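An overview of the molecular structure
What follows is the residue order along each chain.
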Number of protein chains: 2
Amino acid sequence: MTSPVIPLPKGFSFATAAAGFKHPGRDDLALVVSDVPAVAAGVFTKNLFQAAPVLVAKKRLSTSGGHARAILVNSGQANACTGQGGIDDCRETLSLVAKATDLSADEILPASTGVIGARLKLDKWKAAVPALAAGLGQTSPVAVAKAIMTTDSFPKIAWGTLTTDAGEVRVMGMAKGAGMIAPNMATMIGLLLCDAKVGSLWWQEAVAAAADRSFNSITVDGDTSTNDCVLALANGASEVAIDSAEGRQALLGVMVEVCQALAYMLIQDAEGGTKILRVKVQGAASHAEAELAARAVGNSPLVKTAFFGRDANWGRIVAALGRSGASFAPEDVSVRIGGVAVFQNGMPVAEDLDALLAPHMRRGEISVDVELGDGPGRYLLLASDLTYDYIKINADYRT
Amino acid sequence: MTSPVIPLPKGFSFATAAAGFKHPGRDDLALVVSDVPAVAAGVFTKNLFQAAPVLVAKKRLSTSGGHARAILVNSGQANACTGQGGIDDCRETLSLVAKATDLSADEILPASTGVIGARLKLDKWKAAVPALAAGLGQTSPVAVAKAIMTTDSFPKIAWGTLTTDAGEVRVMGMAKGAGMIAPNMATMIGLLLCDAKVGSLWWQEAVAAAADRSFNSITVDGDTSTNDCVLALANGASEVAIDSAEGRQALLGVMVEVCQALAYMLIQDAEGGTKILRVKVQGAASHAEAELAARAVGNSPLVKTAFFGRDANWGRIVAALGRSGASFAPEDVSVRIGGVAVFQNGMPVAEDLDALLAPHMRRGEISVDVELGDGPGRYLLLASDLTYDYIKINADYRT
């Protein structure tokens, strides 16, 4: 069953099933299979506590020379902090799927998201995998995007196409995540599918670059999880090879667009969030310092609560910049909120701008533009605000 | 008017006045004067945006060779992000006080706390300074601790004594602060008074060390302000010289106790806070890594909301440790909450401990003990929780 509205990358099939890991009757298993071995890449959490599926997927990518045919995702159980037993469990799930399909276990990349610390419920896996295998090709990628959700309030899917002289290639992405760690959940997963013929080394580089300019440039609460990963398959089914420098640049552009669309959806769905802050820092001494400055602003509880309260509180923004670790001269700093200059050359703009800013502060998306000087460093970070509902969602006892 | 319950350091006088900078009729000016020139030291915010009084106080300390006679504090106006005009205003307030007393302007260290960005209301200063000067010696240090409050809900004062062969010396401290930046306020101020005879270089070192082990080891929201400072005078009025290594060590011990008592009060008064978390990290590779780990836990919005929700959520604690930047082997990590082992050797303790932990989670102070390995690094951080009231206080429009 293909979706009429989404230009599907060729040569991929999808399946979902309801194993009942957390919510009975809800799809919580998803399988994506390429007809042929695909070039595969992954980007993984830098957290020192890495979940079993992260460790297994990394190992498979490195031993396969960057190839795989399938991605297997479950929601409801993170299989993190589960030791060697968790790794064995993860491998067992891959074997179960291999036995029920024409895949071999080492062609499948695993990903898990859900409660940390508990061992996988293998009995539920055994009961559900036959239905998963039998349903392959019977469902759309939207069902996959739904099955991988945890506290997400909507499925996240995005796509793009690239037309070359040799024909068209398609890129599709799916993601889940609502807090950097949702209540006890662990957390962001992104899947990227493409039907171009690409080289293995370039694919890894391109996936990492696209993730860096999208998923790594958003923040809900500054917390990162044990399970974050982006898994990406390019299967060549379009029979269009992308091997020129221009072609690669263009395909990377589409990948970035798809990933940025997904990242935007993650912030739209941020736990308790009511606003998206576009924090853009320019003129920093370096890219790294621009990132430090943007993250200090986007992660500051005081800045985030001010925006929730519709308060254009530049004082909190400059205080966050000042402690960010970025180096600059205070008198070179300017800040605009919603395009309105509120702070220039290290001092507040003289007039009382609250009336002028009021309509901007009521918007769902607000730009915060920071100039630190005349250096080359720039960075764009999407951030959510900090609200009563964030506290409510995250202070509730985990059940 | 001396306080019968507080052993006052000798040779200091106190005054307060109501200038009406923010709240009419509330004391918002405080002056502390030593009878004789005192050895003076300061510890200041590392924020790149430094308020005018911070810049002026630093300069006076460096040009005076570490001596001063008085400290002048106002609340209600931070005099931050006010440019050269703000520095001129600050100097003008010192001149006003000098004219009304026997002090010279360059013997007075200034500190300000309040709304960022606005210029000082010099007309109100001119009207209030005569009353301030006339009242010198008429009030107690408790009145000073009250006058420097902004969003604080109670005044913060602590004291200690040291008995030596040559006699007794006294240390007294006052502090204010409730969020690292209170709603638009800016923020922590600490005053330390001592009647020992001490050397100037040692005093600066000792004040910095005491601040490091107290005010720098607490966190409400990870934000630091443009005005944070600790100012310290030692006037020798006890005629007891502290010049032996043991004596210095003992006096430093009293200073640390006084500063830790004040720091504890700051966290007790944290904006919206309902609990104090004692995050102790041991076994890190270094002191710096222990601090990274403790701060990642103490600043994590997910950890802080979990404790507010009485949820002993070790998953969020280990996820914060994993992204902290501290290096460790996950299998060496253990976590105890309220003294109960919840995570050992990189895995959750098998039993369901929620029933056992429930009474601990209802307490106002909860210990979180983290072992990262067998390294020498250790760090203790006091942190507040993150609550609806924090959002309420900080999302309210500044007025």
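In this convention, every chain numbers its residues from 1, walking through the sequence in written order. Throughout, the order in which chains and ligands are written sets their labels, letters from A for the former and numbers from 1 for the latter. Side-chain atom pairs in this predicted model are given and counted only at pLDDT of 80 or more, local residue features only at pLDDT of at least 70, and totals for whole chains, interfaces and linings cover all residues. Hydrogens and waters are ignored; side-chain quantities use all the structure's heavy atoms.

Only DSSP runs of H or I covering at least 4 residues are called helices, and only runs of E covering at least 2 are called strands; the numbering of each starts at the N terminus. Of the regular secondary structure elements, chain A holds eleven helices and 15 strands. Projected onto its principal axes, the C-alpha positions of chain A cover 70 × 55 × 40 Å. Three exposure classes are used, based on accessible area relative to the maximum for each residue type with a 1.4 Å probe and protein chains only: buried under 20%, partly exposed in between, and exposed over 50%. The proportion of buried residues among the 399 residues of chain A is 62%. Across chain A, contacts joining residues at least 24 apart in sequence account for 80% of those joining residues at least 6 apart. Of the roughly 14200 Å² that chain A leaves accessible, carbon and sulfur atoms contribute 52%. Distance from the positive charge centre (35 side chains) to the negative charge centre (40 side chains) of chain A: 6 Å. Residue contacts are counted whenever heavy atoms from the two residues lie within 4.5 Å of one another. Working definition of accessibility: Shrake-Rupley area with a 1.4 Å probe, residue cover restricted to the visible protein chains. Charge assignment in this entry is limited to Lys and Arg as positive and Asp and Glu as negative, and neither His nor the chain termini are counted. The atom standing in for a charge is NZ when the residue is Lys, CZ when it is Arg, CG when it is Asp and CD when it is Glu.

What follows covers the domain arrangement of chain A. All names here are of chain A. Domain boundaries shown here were taken from an automatic or database domain assignment. If you check the domain split of chain A, you get domain 1 (12-268) and domain 2 (276-395). Taking only C-alpha atoms, the centre of domain 1 and the centre of domain 2 are 33 Å apart. Salt bridges, as used here, are contacts in which a Lys or Arg side-chain nitrogen is within 4 Å of a carboxyl oxygen on Asp or Glu. Across the domain 1-domain 2 interface, the total number found is zero salt bridges. Whenever two N or O atoms come within 3.5 Å, that pair is a polar contact, provided that in protein one can donate a hydrogen and the other can accept it, and provided that, for residues adjacent in sequence, both atoms are side-chain atoms. Across the contact surface, domain 1 and domain 2 share five residue pairs in polar contact (both at pLDDT 80 or more). Mapped onto the side of domain 1 that touches domain 2, the elements with two or more residues apiece are β8 (218-219) and α6 (245-268). Take the side of domain 1 that touches domain 2: its biggest share by element is three residues, from α6.

All names here are of chain A. Two strands qualify as a pair provided that DSSP identifies no fewer than 2 bridges between them. Strand order in the open sheet made by the seven strands is β8-β15-β10-β14-β11-β12-β13, with mixed pairing throughout. Since the sheet does not close on itself, it has two edges, and those belong to β8 and β13 (347-348), each with one partner. Relative to strand β12 (residues 340-344), strand β11 (residues 334-337) runs antiparallel, the two sharing three bridges. Counted as the bridge partner of I337 is V340 from β12. Fitting a line to C-alpha atoms yields each axis, with helices limited to the stretch in contact; the angle taken between N-to-C directions then spans 0 to 180 degrees. Running at roughly 20 degrees to strand β15 (residues 377-384), helix α7 (residues 287-299) makes contact with β8, β10 (276-284) and β15 of the sheet.

Before going further, it helps to examine the sheet that holds strand β15 (residues 377-384) of chain B. Across the sheet, seven strands lie side by side as β8-β15-β10-β14-β11-β12-β13 (chain B); this open sheet has mixed pairing. At either end of the open sheet lies a strand with only one pairing partner, and these are β8 (218-219) and β13 (347-348) of chain B.

Residue and element names in this part refer to chain B. With respect to burial, helix α8 (residues 301-308) is a largely interior element, seven of its eight residues being buried. Every buried residue of α8 is accounted for by P301, L302, V303, K304, T305, A306 and F307. Looking one or two residues beyond α8, the residue adopting positive phi is R310, at roughly 60 degrees.

Take the packing of aromatic side chains next. In this analysis, rings of Phe, Tyr and Trp, with Trp reduced to its six-membered ring, are considered paired at centre separations within 6.5 Å, and the interplanar angle assigns stacked below 30 degrees, edge-to-face beyond 60, and tilted for intermediate values. Applying the stated criterion across every chain, the model contains 13 aromatic pairs over all chains. Seen in terms of ring centroids, F343 of chain A and F49 of chain B are 5.8 Å apart; in terms of plane orientation they differ by 75 degrees. Their pairing is edge-to-face. Highlighted residues: F343 of chain A in strand β12 and F49 of chain B in the loop between β2 (29-44) and α1 (52-63), drawn from two different chains. Each member of the pair, F343 of chain A as well as F49 of chain B, carries the same accessibility label: buried. Both rings, one in W202 of chain B and one in W203 of chain B, keep their centres 6.5 Å apart while their planes meet at 45 degrees; by these two values the pair is tilted. We note that W202 of chain B, like W203 of chain B, is buried. Placement of a charge over a ring requires the Lys NZ or Arg CZ to be within 6 Å of the ring centre, with the centre-to-atom vector within 35 degrees of the ring normal. A cation sits over an aromatic face here: K156 of chain A above F154 of chain A, 4.4 Å from the ring centre.

Here we come to the interface of chain A and chain B. Across the contact, 57 residues belong to chain A and 57 residues belong to chain B. Here the quantity called buried area is the total loss of accessible area, with a 1.4 Å probe, experienced by two parts when brought into contact, counted for both. Taken over both partners, the interface formed by chain A and chain B buries close to 4600 Å², and the fraction arising from carbon and sulfur atoms is 61%. If you sort the residues of chain A by the area they bury against chain B, L48, F49 and L302 of chain A come out on top, with a joint share of 15%. Where chain A meets chain B, there are zero salt bridges.

Attention now goes to the pattern of salt bridges. Residue and element names in this part refer to chain A. Inspection of every chain in the model, using the stated rule, returns 16 salt bridges over all chains. The residue D269 makes a salt bridge to K156 at a minimum N-O spacing of 2.6 Å. Of this pair, D269 sits in the loop between α6 and β10 while K156 sits in strand β5 (residues 156-164), and the two are 113 residues apart along the sequence. Relative accessible area serves as the criterion here: at 7%, D269 is assigned to the buried category. One salt bridge in this structure joins R295 and E291, with 2.9 Å as the shortest N-O distance. Taken together, the residues R295 and E291, both in helix α7 and four residues apart, mark about one turn of the helix.

Following the UniProt record, one finds the feature "active site" (unreviewed entry) at T187 of chain A. With relative accessibility at 1%, the residue T187 of chain A sits in the buried group. UniProt positions are given in the numbering used here, feature names are shortened, and annotations may be inferred rather than shown by experiment.

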